[in-house]
Amino acid sequence: MDVRPGRDEELGRLFEVHYADMVRLGFYLTGSWAVGEDLAQEAFVRLWRRWGRLRDHHAALGYLRTTVVNLSRSALRRRLLELRHQRTINEEGHDADPVARLDVARALAALPARKRACVVLRHLVELSVEETAAVLGISTGSVKSQTHKGLRLLEAALSDRDDRAARHAQEVKEQ
Amino acid sequence: MSPVNVEERLRSLREQALRREAQPDAWPRLQRRLRRRARSVRTVAAAAVLVLVLAGFALRLLDNRDRVVVRPPQPVPAAPKLIARLTANGPGGHTLAFSTEGKTLAVAGNHRITLWDVGRQTAIARLDAADAVAAVAFAPDGRTLASSAYDRVVLWDLASRARRATLPMGTFNIADRLAFSPDGKILAGGDGGGKLILWDVARRSRLAILSTGIGSINDLAFRADGRSVVVGGNGPGYSGRGDGVAIIDVARRRRLPALRMPAGSGSYTAVAFRPDGTALAAVGSLQHDITVWDVTRRTRLATLTTPSQVLGVVLSRDGGRLAATNPRGEVTLWDVGRHAPLGPLPGFHPRREFFLSPRTGTLTDDGGRLAISDGTGSIFVWSTSNP
């Protein structure tokens, strides 16, 4: 086993084409760019390890996506602990990442794993129902229902937050 | 609650995320990790080689006799070659069957069975089936063809192209899969209720209807001596039910204990008998692999790792070749003995709607040819044998 030039070159090409997308996928799933980078790196390491069994480009993309989704579940648990810690920092105004601060990213990270994966793959990565089903290893029927339920949960979480924010603004004004 | 447009919010999240630049050191970081891993793998490999060399040396000392095992060089099979592309009588999933040597291909669909000369790519006979055909099978002598419709099984005389007999069905359902015994004396059919029916071909009578203990039969194959039949079930487990494989003793009309696969372990089960008389079963799974079982010894022979999920699996009758589809409709052909795929199938365009089953895809007994009906009315035949 060695870093053969052919394999390295091909991996480099795949990296160029897909790496940024994998980081984004990891970010959508966990709400953290740092975790997204880690997940994408790990996915490429695993892709490289099973190189011999995986040749064509298309298969590599599916493999990368599935790996990032699977890894995100354990990464997410770590991320939730981090979030608790970060919240204190955010309140002091040190958050340098405006995208991560978006409520929708937070609400997304709080969804149950499968619903979150379905919403992310369908609406953010913009895969078809069939592609999503293939990545997650579930039926197209449950992709549809999980996506729908995920969106409704997201909607509820966001409107709840909006209400609270509006109430807060109102209170501030009244004071 | 104020109305929230979730799709709108997701879109803006996506737009902002797309604007983010990737970290410049990502690629060097990955390369550093890979090099570290390669180094540690090399260390482990070197240690393993050292242990093996020492063990070999020790064995040599223990056993002085010259026991050099000369392994015949394994021929590397050639990549599949497209040898015929036939146009069937309209679209739809046609049911296929090869004659024993693979020279003739029966294509059944739209109430008609067409026999094709594969080499010349010409239709040599058209049989009017009058109904939808569920399964077809050639007798080993190539003079008789069996076909099943929803309430009957018909034997066709291929010389006169006439119906020779209609076989009695009894309580048997529609035969989803048909196979002749290697001596041509017995015809076996498997149905969606897990029943196996055996007919005496010469007498045109029913020999037995046996319950296989399997929910729904997807595939069946005779052993070379004709004394047993292996039967594979439909989907051990996408439904959660632990279906499996059974071997039927033809003379005693008895079923040997079924091999149950763990629930959720895979899709449709393809079965075969190897030349040495052991039965094989192959199950594709959503976990990106195909498990090959030695049904006779009840052990796992091999796990073929695939880049994607596996939906349908088809085996050649000798168990040497295997074809499988994934959710994208791509077909991979495997050399089972070498655990290796045989390269792409030229000319075939995967369609998501395509699903490989013993109906829509078939291999010759020796696996030397693969035929696929892609659902659009095209039939592809590839040669997969050694040059």
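Residues numbered from 1 in each chain as written. Chains lettered and ligands numbered in written order. Predicted model: local features only at pLDDT ≥ 70, side-chain atom pairs only at ≥ 80, totals over all residues. Heavy atoms only, no water.

This part covers helix H1 (residues 6–18) of chain B. Taking 1.5 Å of rise per residue, 13 residues should cover 18 Å, and H1(B) covers 18 Å from first to last C-alpha, within 8% of that figure. Measuring from the side-chain oxygen of the N-cap residue of H1(B) to the backbone nitrogen of B:Glu7 gives 3.3 Å; that N-cap residue is B:Asn5. (Helix = DSSP H or I, 4+ residues; strand = E, 2+ residues; numbered from the N terminus. Expected span 1.5 Å × (residues − 1). Polar contact = N/O pair within 3.5 Å; in protein donor to acceptor, adjacent residues only side chain to side chain.)

A few words now on unusual backbone geometry. All names here are of chain B. A positive phi angle, close to 55 degrees, is found at Arg-161, a residue other than glycine. Of note in this structure, Arg-253 is not a glycine but carries a positive phi near 55 degrees. Locating Arg-253 in the fold gives a position in the loop between strand E16 (244–249) and strand E17 (254–255). When its relative accessible area of 33% is taken as the criterion, Arg-253 is described as partly exposed. (Buried < 20%, exposed > 50% of the residue type's maximum accessible area, 1.4 Å probe, protein only.)

A few words now on the packing of helix H5 (residues 113–124) of chain A against H1(B). Relative orientation of the contacting elements H5(A) and H1(B) amounts to 75 degrees, with a least axis distance of 10 Å. Compared by their axis directions, H5(A) and H1(B) come out roughly perpendicular. Residue-level inspection shows A:Val119, A:His123 and A:Leu124 of H5(A) in contact with H1(B), the latter providing B:Glu7, B:Leu10, B:Leu13 and B:Arg14. (Axes fitted to C-alpha atoms, helices over the stretch in contact; angles between N-to-C directions. Parallel < 35°, antiparallel > 145°, perpendicular 65-115°, else oblique. Contact = heavy atoms within 4.5 Å.)

All right, on to the interface of chain A and chain B then. Contacts between the two partners involve 48 residues from chain A and, on the opposite side, 35 residues from chain B. A combined buried area of about 4200 Å² lies between chain A and chain B, and 62% of that area is made up of carbon and sulfur atoms. Applying the counting criterion to the chain A and chain B interface returns 4 salt bridges. A salt bridge links A:Glu42 to B:Arg33; the shortest N-O distance between them is 2.5 Å. (Buried area = accessible area lost by both parts, 1.4 Å probe. Salt bridge = Lys/Arg side-chain N within 4 Å of Asp/Glu carboxyl O.)

To continue, consider the sheet that holds strand E11 (residues 186–191) of chain B. Residue and element names in this part refer to chain B. Read across the sheet, 4 strands follow the order E10-E11-E12-E13 without closing on themselves; strand pairing throughout is antiparallel. Each edge of the open sheet is held by one strand with a lone partner, namely strand E10 (175–180) and strand E13 (205–211). The sheet shows a mean angle of 20 degrees between the axes of neighbouring strands, direction not considered. Pairing of E10 with E11 involves 5 bridges; the strand directions are antiparallel. The residue bridging Ala-175 from the neighbouring strand is Asp-191, located in E11. (Pairing = 2+ DSSP bridges.)

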